[in-house]
Amino acid sequence: MDRALETGLRDGIRYERRVFHALFATHDQKEGMTAFLEKRTPRFTGR
């Protein structure tokens, strides 16, 4: 995210979008969303 702050607005938003999409496909993201919906503490594994 720091990189996004060091560029112009357009390039920063583009960079954040790429990073968001990459992280959204992770196992931990799915665990976090599932835990939220089930109202429990997430069990992250770093994947």
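Residues numbered from 1 in each chain as written. Predicted model: local features only at pLDDT ≥ 70, side-chain atom pairs only at ≥ 80, totals over all residues. Heavy atoms only, no water.

- As annotated in an unreviewed UniProt entry, the chain carries the name Enoyl-CoA hydratase and is attributed to Streptomyces coacervatus.
- UniProt annotates the chain under Sequence similarities (unreviewed entry) with the comment "Belongs to the enoyl-CoA hydratase/isomerase family." (UniProt positions renumbered as here; feature names shortened; annotations may be inferred.)

## A closer look at the pattern of salt bridges
Then comes step 1: Here the structure, examined in full by the defined rule, presents 3 salt bridges.
Then comes step 2: Here Arg 40 and Glu 31 are joined by a salt bridge, their closest N and O atoms 2.7 Å apart.
Then comes step 3: For Arg 40, a relative accessible area of 25% gives the class partly exposed.
Then comes step 4: For Glu 31, a relative accessible area of 12% translates into the label buried.
Then comes step 5: For Glu 38, the salt bridge is made with Arg 40, and the minimal N-O distance between the two is 2.7 Å. (Salt bridge = Lys/Arg side-chain N within 4 Å of Asp/Glu carboxyl O. Buried < 20%, exposed > 50% of the residue type's maximum accessible area, 1.4 Å probe, protein only.)

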